[in-house]
Amino acid sequence: MPKIKKKGQAGAAKNYITRTQAVKKLQLSLPDFRKLCIWKGIYPREPRNKKKVSKSTTASTTFYYTKDIQYLLHEPLLQKFRDQKVLEKKISRALGRGDVSDAARFERHAARPEATGKPRYTLNHVIRERYPTFNDALRDLDDCLSMLFLFANLPSTSAVPAKMIARCERLCLEFQHYLIVSHSLRKSFLSIKGIYYQANIQGEDILWLVPYKFNQRIVGDVDFRIMGTFVEFYMTLLGFVNYRLYSSIGLKYPPKFDQLKDENGAELGAFSLEGVNMATQGETKAVTNGEEQQQGPDPKVQAEVDKIIKQLKEDESKSDETAKEDADADDEEKPTDSIDKFEPVAPGGDVLPQPAYSSSDPSQLFANFTFYLSRETPRQPLEFILRAFGCKRIGWDSVLGEGAFTYDESDPSITHHIIDRPVVQAATNEDGDGQDNQTAQKVGPNQRYPGRIYVQPQWVWDCVNDEELKSPELYAPGAALPPHLSPFVKAAPGQYDPTLPLEAQQTEAEAIEADLEDAEKDDAEEGSDVENDMDVDEAEDDEEEEEGDEEDAEEAEEEDVEDDEEESKTLQRQLELEAELQGKKVQNKKVDSKTKAKLEQRKALEKKAREEAEDLERAKGMLSKKKRKLFEQMQYTNNKKSAQDEKLRAKRRKLEKEKAQKA
């Protein structure tokens, strides 16, 4: 007789386990179970059939893999949680007996971070388990950086302790120092949510979001306990990553930290980096602002280097003689130094980046400049971006904090002044002198510092994204700034691009319609002028005007009979209908040659579009029902996108016309 299978011991019911059963099996509380699952990367699963998986009459909502829970049984953190639970029970029992001394003794001997400063547990082994290689950790660094930068800007509360905020801020500043020294920052974008940064570290593109430096409100509908669990894990992860990154470029980790400078608002300036010299077995050399201190060479090492250089020169002279003999013997073609170009095979294909001889390094974009940040500009992101792209001298107002190259606004070494306030001319004095709000504090009336370039903060971001210095006239104080576009979105062929002129991206039909609209507006303006003249004549002599109207009507009828062209008739009927609706008298209008040509072009385009639509319908008839529906969905999406792009082009065309009329 075969063995009878019991319900819930085979199949899908055996592969899944409910959350309540998992908590009972691990002998943990629900908060500790959440922590353990977050740290180990175990998440709820959705079975195909909940009724078959559920072992009870009531349908459960949260399921886990049984193998995952079985794997947690051997976790070392599990014993730490149990020890903590046992300790809490001992303290509560002592307090229940009224024995306060025993409770204080238990709490004093416990390894609590408030008492000893040592954590009860560490997540180092969890980091090594979840990220076997360093590239795995880099791929998961996006959410880590976004979360830590967010907590670094939060105010301290009971849910978010001050120690956690300080630790997050310190780790973020250490990571920024690595980006500055290694020049790994690539792009940045100002958005409504915050500032996006993109860096390339060992071939991995990392994108994270940094909120603006505003006063944040702590709302009650956010569970900071769950977020705090993630932050605790991410702090350990970023500490490991920072150590590996600093070691890869020969820097000591952690860097020296000046608490006094940090309290005065130095931020990046509160850290001093030190490099490890491998040849001297542990000796260090200080690094200041990314520049190494100059040290005298060792005489013994210098003598050996001189011998090697002398031998290299002798070898080079011998190799030159042999090269001349080989060049005389060989008459083969010499390879050219031209660079290959990658061109798309099909029209409209992907445009590949072309290789070129680059004489300028984007990482040293601002190396030759000295910047001064006005007090209304965001100092932290500007300082980080400028230093990451080679700038060594950045000054700002003393109210922005410590660590500036200069606090004197009138320093003659300043080449670029970043300000973010509109130019407002003050009232002139009796002598006729005035001053603007940009330089009203320290500069003479209506003057600026000579030899200095004044730009708005967007100039820095646009220069970084385009990897070239933009024209400062476009970013002058009070000027209408060019559009700040996301560098992470690539424009598709046919999509609206604000950087290109309108003529280069509009379709032929849109251009014809725009020209016809301009012609109709000009005709309407001329008609209004003629109508005004006729009103004056009407007041003087009504009988002559009536006779003239009858003659105009007869001439119009004769022209309609003589003119057989469909375009002129259509335009005439349109003019008559518009005049009738507006209560005006119909004026005969002869179609000029340009308008006539545009009408013919529009007619040809409409005919071509109808033929293409008919061909498309015939081709769709050859498809199966499934493929036809898929093709129609694709058509719907493409038509929707093209309609949005057409609206944007029409809006831009209208704005350009209004701007031209004002000019």
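Residues numbered from 1 in each chain as written. Predicted model: local features only at pLDDT ≥ 70, side-chain atom pairs only at ≥ 80, totals over all residues. Heavy atoms only, no water.

A.B. asks: Could you give an account of the overall build of the protein chain, naming the residues involved and the relevant values?
C.D. replies: If you tally the helices and strands in the protein chain, you get 23 helices and 13 strands. Burial analysis of the protein chain (663 residues in total) assigns 30% to the buried set. Taking all contacts inside the protein chain whose residues are at least 6 apart in sequence as the whole, residues at least 24 apart take part in 60%. (Helix = DSSP H or I, 4+ residues; strand = E, 2+ residues; numbered from the N terminus. Buried < 20%, exposed > 50% of the residue type's maximum accessible area, 1.4 Å probe, protein only. Contact = heavy atoms within 4.5 Å.)

A.B. asks: Summarise the packing of helix 12 (residues 162-182) against helix 13 (residues 224-248); cite the residues concerned and give the values.
C.D. replies: When two helices pack together, their arrangement is captured by the angle between the axes and the distance separating the axes. Interaxial distance between helix 12 and helix 13 falls to 10 Å at its minimum, and their mutual angle equals 30°. Classified by the angle their axes make, helix 12 and helix 13 are roughly parallel. Here helix 12 runs over helix 13; the crossing is left-handed. Where helix 12 approaches helix 13, its residues Met164, Arg167, Cys168, Leu171, Cys172, Glu174, Phe175, His177 and Tyr178 are matched on the opposing element by Gly228, Val231, Met235, Leu238, Gly239, Asn242, Leu245, Tyr246 and Ser248. (Axes fitted to C-alpha atoms, helices over the stretch in contact; angles between N-to-C directions. Parallel < 35°, antiparallel > 145°, perpendicular 65-115°, else oblique. Left-handed = near helix turned anticlockwise from the far one by under 90°.)

A.B. asks: Can you lay out the packing of aromatic side chains for me, pointing to particular residues and giving the numbers?
C.D. replies: Here the structure, examined in full by the defined rule, presents 21 aromatic pairs. For the ring pair Phe151 and Phe224, a centre distance of 6.3 Å and an interplane angle of 75° mean the geometry is edge-to-face. Of the two residues, Phe151 sits in helix 11 (residues 141-152) while Phe224 sits in helix 13, which places them 73 residues apart along the sequence. Look at Phe224 and you get buried, because its relative accessible area is 12%. With centroids separated by 6.3 Å and ring planes inclined at 40°, the aromatic side chains of Phe371 and Trp459 adopt a geometry described as tilted. Linking Phe371 in strand 10 (residues 370-373) with Trp459 in helix 17 (residues 458-466), this pair joins segments that are 88 residues apart in sequence. Judged on exposure class, the residue Phe371 and its partner Trp459 are both buried. The structure contains a cluster of three or more aromatic residues connected by ring pairs, namely Phe149, Phe175, Tyr197, Trp208 and Phe384. Lying over the aromatic face of Phe134, Arg244 brings its terminal NZ or CZ to 4.8 Å of the ring centre. (Phe/Tyr/Trp six-rings, centres within 6.5 Å; stacked < 30°, edge-to-face > 60°. Lys NZ or Arg CZ within 6 Å of the ring centre and 35° of its normal.)

A.B. asks: Outline the sheet that holds strand 12 (residues 416-418), supporting the account with residue identities and numerical values.
C.D. replies: Within the open sheet, the four strands sit side by side as 11-10-12-13. Their pairing is parallel. Strand pairing shows two members of the sheet lacking a second neighbour, strand 11 (393-396) and strand 13 (453-455), which therefore form its edges. When the angles between neighbouring strand axes are averaged without regard to direction, this sheet yields 25°. Taken together, the four bridges between strand 10 and strand 11 define a ladder with parallel strand orientation. Pairing of Phe371 across the sheet is with Ile394, part of strand 11. (Pairing = 2+ DSSP bridges.)

A.B. asks: If you had to explain the packing of helix 2 (residues 19-26) against helix 3 (residues 30-40) to someone new, which residues and values would you point to?
C.D. replies: Helix 3 packs onto helix 2 with a crossing angle of 95° between their chain directions and a minimal axis gap of 10 Å. When the interaxial angle is binned, helix 2 and helix 3 end up roughly perpendicular. Residues Arg19, Ala22, Val23 and Leu26 of helix 2 lie in contact with helix 3, whose contacting residues are Leu30, Phe33 and Arg34. Residues of the contact of helix 2 with helix 3, tallied by class, amount to five nonpolar, no polar and two charged. (Nonpolar A, V, L, I, M, F, W, Y, C, P; charged D, E, K, R; others polar.)

A.B. asks: Summarise the pattern of salt bridges; cite the residues concerned and give the values.
C.D. replies: For the structure shown, the criterion picks out 20 salt bridges. For Arg97, the salt bridge goes to Asp102, with nearest N and O atoms at 4.0 Å. A relative accessible area of 58% means that Arg97 is categorised as exposed. In this structure, Lys252 and Glu274 form a salt bridge, with 3.6 Å as the shortest nitrogen-oxygen distance. (Salt bridge = Lys/Arg side-chain N within 4 Å of Asp/Glu carboxyl O.)

A.B. asks: Run through the side chain of Arg653, naming residues and quoting values.
C.D. replies: Relative to the helices and strands, Arg653 resides in helix 23 (residues 625-662). Since its relative accessible area comes to 14%, Arg653 is described here as buried. Among the polar contacts made by the side chain of Arg653, one reaches the side chain of Gln506 at a distance of 2.9 Å. Setting aside anything within four residues of it in sequence, one finds Arg653 in contact with Leu502, Gln506, Glu510 and Ala514. (Polar contact = N/O pair within 3.5 Å; in protein donor to acceptor, adjacent residues only side chain to side chain.)

A.B. asks: Can you explain the sheet that holds strand 4 (residues 195-201)? Please cite residues and give values.
C.D. replies: Spatial strand order, 3-4-5: three strands in an open sheet with antiparallel pairing. This sheet does not close on itself; its edge strands, each paired only once, are strand 3 (185-190) and strand 5 (204-210). Mean inter-strand twist for the sheet, computed between neighbouring axes without regard to direction, equals 15°. Where strand 4 lies against strand 5, seven bridges are found, and the strand directions are antiparallel.

A.B. asks: Please give an account of helix 17 that cites residues and values.
C.D. replies: Each α-helix winds once per 3.6 residues, and so residues spaced three or four apart point in a common direction. Burial analysis of helix 17 places eight of its nine residues in the buried class, which makes it a mostly covered element. For helix 17, the full list of buried residues reads Gln458, Trp459, Val460, Trp461, Asp462, Cys463, Val464 and Asn465. Packing partners of the buried residues in helix 17 comprise strand 3, strand 4, strand 10, helix 16 (379-388), strand 12 and strand 13. Just downstream of helix 17, Glu467 is the residue with a positive phi angle, here 60°.

A.B. asks: Let's hear about unusual backbone geometry: which residues, and what values?
C.D. replies: Cis geometry marks the peptide bond from Tyr253 to Pro254; its omega dihedral reads 0°. Following the sequence through the fold, Pro254 ends up in the loop between helix 13 and strand 6 (256-257). Its identity as a non-glycine residue notwithstanding, Gln202 has a phi of 55°, on the positive side. By secondary structure assignment, the location of Gln202 is in the loop between strand 4 and strand 5. By relative accessible area, which is 44% here, Gln202 ends up partly exposed. For Glu467, which is not a glycine, the phi torsion comes out positive at approximately 60°. Looking at where Glu467 falls in the secondary structure, it is placed in the loop between helix 17 and helix 18 (502-505).

A.B. asks: Give a detailed account of the pairing of strand 3, specifying residues and quantitative values.
C.D. replies: Bridge count for strand 3 against strand 4 is five bridges, and the pairing is antiparallel. Bridge assignment links Ser188 to a residue of strand 4, and that residue is Tyr197.

A.B. asks: Before we move on, can you summarise the layout of surface pockets with the specific residues and values?
C.D. replies: Taken as a whole, the second largest pocket holds about 850 Å³ of empty space. In terms of lining, the second largest pocket is formed by 22 residues, of which the most central are Asp466, Leu485, Ser486, Asp497 and Thr499. If one sorts the elements of the lining of the second largest pocket by residue count, helix 17 sits on top with three residues. For the lining of the second largest pocket, the per-class residue count stands at ten nonpolar, five polar and seven charged. (1 Å grid on protein atoms, 1.4 Å probe; cavity = no way out; pocket = protein on both sides within 12 Å on 5 of 7 lines; lining within 4 Å. Points joined across faces, edges and corners; volume = space filled by probe spheres on them.)

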